Amino acid sequence: MNKNTVWQLGLLLLQTLTSNGHDAYIVGGAPRDWLLKEASADLDIVTSATMGELEGIFPGAAIIRTNIPLLSMMKANVRVEISELHGRSLAENLAARDFTVNAIAINARGDWIDPFYGKIDIEHRVLRLVREDSIQSDPLRMLRAARLMADCQFAVDPGVAKSSKAERQRLNSIAAERIGEELNRLLRSRDAALGMQWLGEQGILSILCPEATRLHKRPVFSALNNVDTLAEKWVVFFYLLGEKNVDHRLKKWRLPKTMAKKAERLFFYTEKRMEAIWDRRRLYEAGETVALAAEKTAHVLSDSVPGGEINVRSFLAELPIQSRHDLAVSPLEISAHMNCEPGPWLGDMLHALELAVVDRQVANERKALLTWAKECFCET
Ligand SMILES: Nc1ccn([C@@H]2O[C@H](COP(=O)(O)OP(=O)(O)OP(=O)(O)O)[C@@H](O)[C@H]2O)c(=O)n1
């Protein structure tokens, strides 16, 4: 989103609120991003208005009642979230935030309110805590620090590192879902390797993934920046940390199901690829997309695995079939030939047929397949 659009929209919303008699300020990431000359995807506003009053001013917007109620709406493709000051002053609100660069506000006249000198810290690209106990009051902020480093090239002030290191055990006490979401954001960021390396150096990763304590040396995360998709990044992350129980971790951190499934599958094939080159059956079961991704992640993770995209493609092209649809018989033909109603057995039979064709035990020809299926059916 164009940064001027976000800005104009923000000021317009502040004017709407002030013309209704309420104090209102843009806070959070948008002022920081403006100073960094970056576009913001969302806009956070705090106001003296109550949720009831906001509903009257912005009819149709949704009120989200989490621990802090929020009015949420999309305006010009920008996610706008408005929360109440709850009788607190703006200064109190800003003092409760994480880093000085995130504790800057703008009022309806466009004046900057910057009690913690966040603008100077933005100029110097340094992350500094608003208060000494900022991390203690919300340990997730140590992961946010890593993400801001990775996304905006901030260096961290020694206070952030000291406090993160000292408070790292507290990560065990926060909702696993929040950790998953923040790690996901970090992996998506511009320089995920930098942020992850910092977390490793503070001893934070071994709290998140206890398997990492068994590693002989600290992992080097540069491989994270050499893969593309989020699932690939998760695979590299888990592999470097020696985490085997990927499925359990992804579930625990409540990562989006589709992405988690992709990462789990890719992890399986990457591990297999690290152990040995593809065989026909494994390649077929992985399918083109996963096989190519696993080839890439395995190569990125180990110099001893040559990047063999071309080999994978030609090996795939040599397979007698690429999917179940390529079998020269249909499921109905098989069940008619067996004289048996379709049922779960048919799925198993099709799978057995696919593998037999891939392993070249039987030719992909209608008659041969039906004969093979019948023999197999009679045996079981
Ligand atoms: N654990 C947290 C989470 C958020 N915040 C405050 O809430 C703001 C909004 O948080 P979020 O929506 O997560 O946005 P940012 O992390 O700032 O980043 P972006 O705007 O790029 O999403 C932050 O800027 C910060 O002031 C905080 O102090 N502590």
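Residues numbered from 1 in each chain as written. Predicted model: local features only at pLDDT ≥ 70, side-chain atom pairs only at ≥ 80, totals over all residues.

A. Quick look at the overall build of the protein. Scanning the protein from N- to C-terminus turns up 19 helices and 9 strands. Radius of gyration (C-alpha) of the protein: 27 Å, far over the 21 Å computed for a compact globule of 380 residues. Here the protein holds 380 residues, and 37% of them are scored as buried. At a minimum sequence separation of 6, the contacts of the protein that also span at least 24 residues come to 66%. (Helix = DSSP H or I, 4+ residues; strand = E, 2+ residues; numbered from the N terminus. Rg over C-alpha atoms; globule rule 2.2 N^0.38 Å. Buried ≥ 20, exposed ≤ 12 C-beta atoms within 10 Å, placed from the backbone. Contact = placed C-beta atoms within 7 Å.)

B. Highlighting the domain arrangement of the protein. One can read the domain layout of the protein as domain 1 (1–123), domain 2 (125–208), domain 3 (239–319) and domain 4 (324–379). Here domain 1 and domain 3 have C-alpha centroids that lie 43 Å from each other. (Domains from an automatic or database assignment.)

C. The arrangement of the environment of Gln-153 in detail. Mapped onto the elements of the fold, Gln-153 is located in the loop between helix 7 (141–152) and strand 9 (155–156). Taking the C-alpha atoms as reference points, Gln-153 and Leu-11, 142 residues apart in sequence, are found 28 Å from one another.

D. Representation of the packing of helix 7 against helix 9 (residues 176–188) in the model. In the contact formed by helix 7 and helix 9, the axes pass within 9 Å of each other and the chain directions differ by 15°. The orientation of helix 7 with respect to helix 9, classified from their angle, is roughly parallel. Crossing hand, helix 7 versus helix 9: left-handed. Facing Leu-143, Arg-144, Ala-146, Arg-147 and Ala-150 of helix 7, the residues of helix 9 in contact are Ile-179, Glu-182, Leu-183, Arg-185 and Leu-186. Considered class by class, the residues forming the contact of helix 7 with helix 9 number 6 nonpolar, no polar and 4 charged. (Axes fitted to C-alpha atoms, helices over the stretch in contact; angles between N-to-C directions. Parallel < 35°, antiparallel > 145°, perpendicular 65-115°, else oblique. Left-handed = near helix turned anticlockwise from the far one by under 90°. Nonpolar A, V, L, I, M, F, W, Y, C, P; charged D, E, K, R; others polar.)

E. Looking closely at the confidence of the model for the protein. In the predicted model, the protein carries a mean pLDDT of 94, and the fraction of residues at 70 or more is 99%. If you check the scores for this complex, the pTM reads 0.91 and the ipTM reads 0.97. (pLDDT = per-residue confidence, 0-100.)

F. Molecular detail of the pairing of strand 4 (residues 69–75). Examined bridge by bridge, strand 3 (residues 62–65) and strand 4 share 4 bridges and lie antiparallel to one another. Paired with Ile-64 across the two strands is Leu-70, which belongs to strand 4. Between strand 3 and strand 4, which pair antiparallel and follow one another directly, the connecting turn spans 3 residues. Direction of pairing for strand 4 relative to strand 5 (residues 78–84): antiparallel, over a ladder of 6 bridges. Opposite Leu-70, over in strand 5, you have Ser-83 as the bridge partner. As consecutive antiparallel partners, strand 4 and strand 5 are separated by 2 residues, and within that stretch Ala-76 has a phi angle of approximately 45°, a positive value. (Pairing = 2+ DSSP bridges.)

G. Quick look at the site of the ligand. Near the ligand, the surroundings consist of Gly-28, Gly-29, Ser-40, Asp-42, Asp-44, Arg-97, Asp-98, Asn-102, Asp-138, Leu-140, Arg-141 and Arg-144. If you list the elements that add at least two residues to the shell around the ligand, you get strand 2 (42–47) and helix 7. Across the shell around the ligand, the residue classes break down as 1 nonpolar, 4 polar and 7 charged. Each of domain 1 (1–123) and domain 2 (125–208) accounts for three or more of the residues forming the shell around the ligand. (Near = placed C-beta within 6 Å.)

H. Region of the structure containing the packing of helix 12 (residues 230–241) against helix 14 (residues 257–275). Relative to each other, helix 12 and helix 14 sit at 55°, their axes nearing to 8 Å. One element, helix 12, and the other, helix 14, form an angle in the oblique class. Pair helix 12 / helix 14 crosses with right-handed handedness. Each of Leu-230, Ala-231, Glu-232, Trp-234, Val-235, Phe-238 and Tyr-239 in helix 12 lies in contact with helix 14, whose residues at this interface are Met-259, Lys-262, Ala-263, Leu-266, Phe-267 and Thr-270. Considered class by class, the residues forming the contact of helix 12 with helix 14 number 10 nonpolar, 1 polar and 2 charged.

I. Representation of the nonpolar core. The biggest cluster of nonpolar side chains holds 96 residues, and the ones touching the most others in it are Ile-45 and Val-236. Ignoring any residue separated from it by four or fewer positions in sequence, one finds Val-236 in contact with Ala-223, Leu-224, Val-227, Thr-297, Val-300 and Leu-301. (Core = buried A, V, L, I, M, F, W, Y, C linked by C-beta atoms within 7 Å.)

J. Layout of helix 15 (residues 280–301). Given a rise of 1.5 Å per residue, 22 residues ought to cover 32 Å, yet the end C-alpha atoms of helix 15 are separated by just 23 Å, more than 12% below that figure. At Gly-287, helix 15 shows its maximal bend, which comes to roughly 110°. (Expected span 1.5 Å × (residues − 1). Bend = angle between axes of the 7 residues up to and from the residue.)

K. Structural detail: the UniProt feature "domain: Poly A polymerase head" (unreviewed entry) in the protein. Following the UniProt record, one finds the feature "domain: Poly A polymerase head" (unreviewed entry) at residues 24–68 and 81–128. End C-alpha to end C-alpha, residues 24–68 measures 17 Å, and it is 31% helix and 31% strand. Annotated as residues 81–128, this span is 25% helix and 21% strand, and its ends, taken at the C-alpha atoms, are 25 Å apart. (UniProt positions renumbered as here; feature names shortened; annotations may be inferred.)

L. Geometry of unusual backbone geometry. In this structure, His-86 is a non-glycine residue whose phi angle is positive, near 60°. Backbone geometry at Arg-125 places phi at a positive 50°, although glycine is not the residue there. For Arg-125, the position within the fold is in the loop between helix 5 (118–123) and strand 8 (126–127). Note on Arg-125: 14 C-beta atoms within 10 Å, which makes it partly exposed.

M. Fine view of the environment of Leu-13. Assignment of secondary structure puts Leu-13 in helix 1 (residues 3–19). Among the residues examined, Leu-13 registers 23 C-beta atoms within 10 Å and is labelled buried. For the pair Leu-13 and Thr-229, spaced 216 residues apart in sequence, the C-alpha separation works out to 36 Å. Among all residues touching Leu-13, those that are not within four sequence positions of it are Ile-45 and Val-80.

N. Up close: helix 9. In a regular helix each residue adds 1.5 Å, so 13 residues correspond to 18 Å; helix 9 covers 18 Å between its end C-alpha atoms and thus fits that length. Inspection of helix 9 places Ile-179, Gly-180, Leu-183, Leu-186 and Leu-187 among the buried residues, and these make up the whole buried set. For helix 9, the angular spread of buried residues about the axis comes to 125°, placing them on one side. Among the structural elements, helix 7, helix 10 (192–201), helix 11 (205–208) and helix 12 are those in contact with the buried residues of helix 9. (Arc of directions from axis to C-beta.)

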